[in-house]
Amino acid sequence: MELRTFHHHLLQGFMLLSLISNCYARFVVEKNSLTVTSPEKIKGTHDSAIGNFGIPQYGGSMAGVVVYPKENQKACKSFDDFGISFKSKPGSLPTFVLVDRGDCFFALKVWNVQQAGASAVLVADDIEEALITMDNPEEDSSSAKYIENITIPSALIEKTFGETLKKAISGGDMVNVNLDWREAVPHPDDRVEYELWTNSNDECGVKCDMLMAFVKDFKGAAQILEKGGYSQFTPHYITWYCPQAFTLSRQCKSQCINRGRYCAPDPEQDFSSGYEGKDVVIENLRQLCVFKVANETNRPWVWWDYVTDFQIRCPMKEKKYNKECADVVIKSLGLDAKKIEKCMGDPDADMENSVLKEEQDAQVGKGSRGDVTILPTLVVNNRQYRGKLAKGAVLKAICAGFEETTEPAVCLSGDVETNECLENNGGCWQDKAANLTACRDTFRGRVCECPLVDGVQFKGDGYSHCEPGGPGRCKINNGGCWHESQNGRAYSACLDNGDVKCQCPPGFKGDGVKSCEDIDECKEKRACQCPECSCKNTWGSYECTCNGDLLYIRDHDTCISKSGTEVRSAWAAMSVILIGLAMAGGGAYLVYKYRLRSYMDSEIRAIMAQYMPLDSQGEVPNYVSNDRA
C-alpha cells in the first residue's frame, strides 16, 4: 500500500468536523534548499520537502554524491537482499540515495536506505504535483520500531527534477548536491518563540507514546531555555466541533463539551466503555489553564512539570485520568487550584469557552505558518518543524532559530553541534602565548571576531590581526606592545591612555611593537654634560655624579656645592629670624614712646593751666584785692 496522504487525521466518526478542513484551509509544506553543484549542465537550486521523520540538520548543511540503485529502486525491500551497500569510503563524500515513490510507506524506504549505509535519501515523486510532506504511516505497531530509529534526513523532490538526476547518473556523470537547512527556520533575534501542539490523551497509540516520551525527555532543556530568557514557549491543544445537526446525539455528548463546541475522539475508540472524548477535552483545558496561571506568576516552565507528573501519576491505563488525581499534582506544584478552576469555566454551559475558542482560532495558519493538521506539531519561529520528535533533533531546530552568536550554551554542546574552533582555530587570529582567540563557535558554524577580554575590546579583522584598544588595554598582554624587564626593572611601550599606538618609553628607541633599544645618554651626550659631571649609562636610564662635594641637580643638568648650599640656607633662615625680632622690637619701642609722650603732655598742661590761660581755655577771674582807705 502506498502512502499518499501527508497528514494524520485524528477524526473519529461522522460527528467530528475539523475546523481546518474547510475551503480556507492552508497546509504549508516546509522545505529546504537542494543545490546541484555538478555536473555543470544541471547546476542549480531546487526546493525539496522535508520528511516528517528522521533528523533534518536544522541550521546546517550536508554535501554528498547522489546514487540511483540499479535494483530495488523503490527501496521497499532490504538492500541486503540485493547485496547493495551505500557506505562511504573514508575520506569520500557521503552517499545520498535517490529512490522512486510508490508501493510502500515513505518511512520504510528511508529505513531500508539507512540500513544500507546511506547518509540521506531523496524520494522522486512519480506524478507531476506540488511538493507534499512525507509523513509517518497511520498507526501501525509494526512500523513504530523502525520509524523511531530513523536518524538520516530525507526529502521529496519533484518528478521532473528526479528524472534530470537519473539521466545524469545513467550518463556516467558524478552528481554532487548540497542539502541546506540553514534557512529552514527563521533566526531574526536572540530569542526563540516555539509552540507544541499536543494532547493529554495517553491511549492514542504509537504517536501518543512518542509524544509522552518526548515531553519527559525535553523538559530539562525546555526549562533551561525558559528560565534563562532564551525562549518563549506556548502549549496548544487541538479540538474540533460537532456539526450542528448532531450536537444532541449520544456521540457528540460523549465526545464534546459546551454543547458540541469542543470535541476530541474517544480514547479507546469505544463509545460504550472506558474514557470518553470529553474527558480528554477537559484535561486539555486544565493543562492550558495550568500554563496560564503559572505564566501569571512568571513561572511558565511549571507546565512541563505538571504534564510530566500527570502522565506518570494519572494514566488512563490505571484508571487515574481524572480531576482528583490532577488536583493532587496541582497541589504538589504549589499552583492555585481555584484560579485554574475559574480559568476552565463550566464545561456544561451552552456558551463559548474563551480559552478553547482561542485554541481553535490558533489552529488556522497565519503568515508563513500553515494550518496545524498533524498531531503532535512543533512550531519554531512560526515555522512547522519536520522530523523526529526527539530531544536532540528538536533542540537542533530551536537552536537554528537564534541569531548567530546569541545561542545559549545548551546549543553549543557536543551532541547538538560541532565546534569548528577546535580544528586549526577555525582559521581565525589567535595569540597562543596569551591564550586568546578570535574564533567564536556558533550553532551554524563559527565567526572570526576579535574578543572582549576583561572589559578591553580587541580590534582588527579577526582573521589575521587583533589588538587591544581603549583604556585598560595595557593589562592585556601589554597591549601587544614591546615589554621587557632586567635587574628588577620593567619597561613597557604601552600607554594606558586610550591611545592604540605603541611608543617606546623615555630612555629607549624603536618601533614600540617588536623592539625598544636602550639609548646611551652618555655616548649621545643627551645628559650629564656639565664640566664637573661624570656620566654612566644604565638600561633605560643613566647615572650622573659630580666631582668633590658637588651635588647633581638632574632637572637642570648641573652641579652645585653641598656646603655653600647649606651655609646659605642657614644664613637665610637666621636672617629671617633676626629681621622678625627687629621688627617686633621696633614696634614695641614706638608704642612705648607714644604712650610716654602722651603722659608728659597731659602733666605739663595741668601745671601751666594754674598760671596762665591756655589756648584751649577761656578768661580766668583775678581774685587779688586792691584795698583803698
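Residues numbered from 1 in each chain as written. Predicted model: local features only at pLDDT ≥ 70, side-chain atom pairs only at ≥ 80, totals over all residues. Heavy atoms only, no water.

### Here we look at helix α7 (residues 302-313)
An α-helical segment advances 3.6 residues per turn. Residues three or four places apart therefore align on the same side.
Now for step 1: With twelve residues, α7 extends 16 Å between its outermost C-alpha atoms, agreeing within 8% with the 16 Å of an ideal straight helix rising 1.5 Å per residue.
Now for step 2: Contacts made by the buried residues of α7 are with β8 (192-198), α4 (206-227), β9 (231-237), α6 (277-296) and α8 (323-332). (Helix = DSSP H or I, 4+ residues; strand = E, 2+ residues; numbered from the N terminus. Expected span 1.5 Å × (residues − 1). Contact = heavy atoms within 4.5 Å.)

### Some words on the nonpolar core
Now for step 1: Judged by nonpolar contacts, the single largest core of 84 residues is most densely connected at Leu165, Tyr194, Phe218, Tyr306 and Ile398.
Now for step 2: With nine residues, the single largest contributor to this core is α6.
Now for step 3: Not counting residues within four places of it along the chain, the set of residues in contact with Tyr306 comprises Glu283, Arg286, Gln287, Val290, Ala326, Val329, Ile330 and Leu333.
Now for step 4: Membership of the second largest hydrophobic core comes to 27 residues, among which are Ile84, Phe86, Val123 and Ile152. (Core = buried A, V, L, I, M, F, W, Y, C linked by side-chain atoms within 4.5 Å. Buried < 20%, exposed > 50% of the residue type's maximum accessible area, 1.4 Å probe, protein only.)

### What about the pairing of strand β6 (residues 154-157)?
Now for step 1: Taking every second residue as pointing to the same face, both faces of β6 are buried, with Ser154 and Leu156 on one and Ala155 and Ile157 on the other.
Now for step 2: Direction of pairing for strand β2 (residues 44-50) relative to β6: antiparallel, over a ladder of two bridges. Directly across from Ile50, in β6, lies its bridge partner Ala155.
Now for step 3: For strand β5 (residues 120-124) and β6, the ladder comprises four bridges, and the chain directions are parallel. When the sheet's bridge partners are listed, Val121 is paired in β6 with Ser154. (Pairing = 2+ DSSP bridges.)

### So, the environment of Arg101
Now for step 1: Here Arg101 lies in the loop between β4 (95-100) and α1 (106-115).
Now for step 2: Looking at Arg101, the relative accessible area reads 2%, which means it is buried.
Now for step 3: Taking the C-alpha atoms as reference points, Arg101 and Asp125, separated by 24 residues in sequence, lie 5.4 Å from one another.
Now for step 4: Polar contacts involving the side chain of Arg101 include one to the side chain of Asp125, which spans 2.9 Å.
Now for step 5: There is a polar contact of 2.8 Å between the side chain of Arg101 and the side chain of Glu129. (Polar contact = N/O pair within 3.5 Å; in protein donor to acceptor, adjacent residues only side chain to side chain.)

### Section: the UniProt feature "domain: EGF-like" (unreviewed entry) in the protein
Now for step 1: Following the UniProt record, one finds the feature "domain: EGF-like" (unreviewed entry) at residues 502-516.
Now for step 2: A distance of 10 Å separates the end C-alpha atoms of residues 502-516, which is 0% helix and 13% strand. (UniProt positions renumbered as here; feature names shortened; annotations may be inferred.)

### Considerations on helix α10 (residues 354-363)
Now for step 1: Burial in α10 covers these residues: Val355, Leu356, Glu359, Gln360, Ala362 and Gln363. The arc enclosing the buried residues of α10, seen along the axis, measures out at 160°, which places them on a common side.
Now for step 2: Between a side-chain oxygen at the N-terminus of α10 and the backbone nitrogen of Val355 the separation is 3.0 Å; the capping residue is Asn353. (Arc of directions from axis to C-beta.)

### Regarding the state of the cysteines
Now for step 1: Per the counting criterion, the structure on display carries 16 disulfides.
Now for step 2: Paired through a disulfide, Cys428 and Cys448 show a sulfur-sulfur distance of 1.9 Å. With the S-S dihedral at roughly -70°, the linkage between Cys428 and Cys448 falls on the left-handed side. On the criterion of sequence distance, the pair formed by Cys428 in the loop between α11 (391-399) and β14 (430-431) and Cys448 in strand β17 (residues 446-448) is long-range, its members being 20 residues apart. (Disulfide = S-S within 2.5 Å.)

### Re the packing of aromatic side chains
Now for step 1: Within the structure shown, the criterion is met by 17 aromatic pairs.
Now for step 2: For the ring pair Trp482 and Phe508, a centre distance of 5.3 Å and an interplane angle of 50° mean the geometry is tilted. Of this pair, Trp482 sits in the loop between β20 (467-469) and β21 (483-486) while Phe508 is found in strand β23 (residues 508-509), placing the two residues 26 residues apart along the sequence.
Now for step 3: Overall, the relative accessible area of 6% leaves Trp482 in the buried class.
Now for step 4: Taken together, the aromatic side chains of Tyr194, Phe214, Phe218, Phe233, Trp303 and Trp304 make up a single cluster linked through ring pairs.
Now for step 5: Sitting over the ring of Tyr542, Arg554 keeps its end group 4.0 Å from the ring centre. (Phe/Tyr/Trp six-rings, centres within 6.5 Å; stacked < 30°, edge-to-face > 60°. Lys NZ or Arg CZ within 6 Å of the ring centre and 35° of its normal.)

### Remarks on the pattern of salt bridges
Now for step 1: Taken as a whole and judged by the stated rule, the model has 20 salt bridges.
Now for step 2: A salt bridge links Arg101 to Asp125; the shortest N-O distance between them is 2.9 Å. Of this pair, Arg101 sits in the loop between β4 and α1 while Asp125 sits in the loop between β5 and α2 (141-148), placing them 24 residues apart in sequence. The two residues Arg101 and Asp125 agree in class, both being buried.
Now for step 3: Here the salt bridges do not stand alone but share partners, grouping Asp100, Glu163 and Lys166 into one network. (Salt bridge = Lys/Arg side-chain N within 4 Å of Asp/Glu carboxyl O.)

### Comments concerning the packing of α6 against α10
A pair of packed helices can be characterised by two numbers: the angle between their axes and the separation between those axes.
Now for step 1: It is the contact of α6 with α10, at a shortest axis distance of 10 Å, that shows an interaxial angle of 95°. Here α6 lies roughly perpendicular to α10, going by the angle between them. Between α6 and α10, the contacting residues are Val281, Leu285, Leu288, Cys289 and Lys292 on the first element and Val355, Leu356, Glu358 and Glu359 on the second.
Now for step 2: Of the residues contributing to the contact of α6 with α10, the split by class is six nonpolar, no polar and three charged. (Axes fitted to C-alpha atoms, helices over the stretch in contact; angles between N-to-C directions. Parallel < 35°, antiparallel > 145°, perpendicular 65-115°, else oblique. Nonpolar A, V, L, I, M, F, W, Y, C, P; charged D, E, K, R; others polar.)

### Observations regarding the environment of Glu417
Now for step 1: Following the sequence through the fold, Glu417 ends up in the loop between α11 and β14.
Now for step 2: Beyond its immediate stretch of four places on either side in the chain, Glu417 contacts Cys411, Leu412, Asp441, Thr442 and Phe443.

### Focus on the sheet that holds strand β3 (residues 61-67)
Now for step 1: The strand order β1-β2-β6-β5-β4-β3-β7 describes a closed barrel built from seven strands, whose pairing is mixed. Neighbour-to-neighbour, the strand axes of this sheet turn through a mean angle of 40°, independent of strand direction.

### Comments concerning the packing of α6 against helix α9 (residues 337-344)
Now for step 1: Between α6 and α9, the shortest axis-to-axis distance is 9 Å and the interhelical angle comes to 125°. Judged by the inter-axis angle, α6 sits oblique to α9. Considering how the two elements wind past one another, α6 and α9 form a crossing that is right-handed. Across the interface between the two elements, Ile282, Leu285, Arg286, Cys289, Val290, Lys292, Val293 and Glu296 of α6 pack against Lys339, Ile340, Cys343 and Met344 of α9.
Now for step 2: In terms of residue class, the contact of α6 with α9 is made up of eight nonpolar, no polar and four charged. (Left-handed = near helix turned anticlockwise from the far one by under 90°.)

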